[in-house]
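Below, each chain spelled out in residue letters.
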Amino acid sequence: MTTTKSNREFELKFRARPQDLARFKKAVNAAAGNRRVWPERQLLTQYFDTESFDLQKSCVSVRLRKSANKTVQTVKAAGSGNAGIMDRLEWEQTVTGEALDLDALPDEARQAMGGISADALQPIMDVSIRRQTMMIRRANPLGPDLVIEAAADKGSVRVGEQIDEFVECELEL
């Protein structure tokens, strides 16, 4: 069984140093009004593109992300972005197995990909992340409540034989 989520994604990302994560988590805990421990999970992600990087040229990304016993395929399409703030379209879908299932994507996600078939895609990069998250909730008397996911990430990106480590803080509406 597959489930699909289609929505708009709003993210604010910060490149960080390892020592910044404690300060970030302390600030989020103050905003969230809690002292809870941030749960941690391991995310293994594989990104795909064509040999000539047609998706990248169109500002589209396609990935498979594994966490625990769940695999999710995601398509993200161009939106706007400035100074680390990203506003883009996103379609997420739980898949069975460990391969892309582009046929199961909604039409608008396949259109964003420009009609590229699964046969034309190949893995281009692997990302391993240790992610800790915390939710910030605020009541909104004028509409839906505000819910922000704060994430503190430590990870590595592998392209071929090259590996680069990173630390990142993220707020996602």
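Check the entry above for the structure.
On a predicted model such as this, the values are computed, not experimentally measured, just so you know.

**Student:** Can you explain the pattern of salt bridges? Please cite residues and give values.
**Tutor:** A side chain of one charge can pair with a side chain of the opposite charge when the charged atoms of the two come close. According to the stated counting rule, one finds 13 salt bridges in the structure shown. Put simply, R130 and E40 hold a salt bridge, and the shortest N to O gap is 3.4 Å. With a gap of 90 residues between them, R130 in strand β6 (residues 122–138) and E40 in strand β2 (residues 40–49) connect regions that are remote in the sequence. Judged by relative accessible area, which is 40%, R130 ranks as partly exposed. A salt bridge links D153 to R131, with the nearest nitrogen and oxygen atoms 2.8 Å apart.

**Student:** Any details on the side chain of Q73? Residues and values, ideally.
**Tutor:** Topologically, Q73 is positioned in strand β4 (residues 70–82). Taking the relative accessible area as the measure of exposure, Q73 reaches 2% and is therefore buried. In terms of polar contacts, Q73 uses its side chain to reach the side chain of Q93, at 2.6 Å. Looking at Q73, its side chain comes within polar contact range of the main-chain nitrogen of D101, at 2.9 Å. Residues within four places of Q73 in sequence aside, it is in contact with R63, L64, W91, E92, Q93, V95, L100, D101, L102 and L105.

Here is what the cut-offs are and how they apply
Residues numbered from 1 in each chain as written. Predicted model: local features only at pLDDT ≥ 70, side-chain atom pairs only at ≥ 80, totals over all residues. Heavy atoms only, no water. Salt bridge = Lys/Arg side-chain N within 4 Å of Asp/Glu carboxyl O. Helix = DSSP H or I, 4+ residues; strand = E, 2+ residues; numbered from the N terminus. Buried < 20%, exposed > 50% of the residue type's maximum accessible area, 1.4 Å probe, protein only. Polar contact = N/O pair within 3.5 Å; in protein donor to acceptor, adjacent residues only side chain to side chain. Contact = heavy atoms within 4.5 Å.

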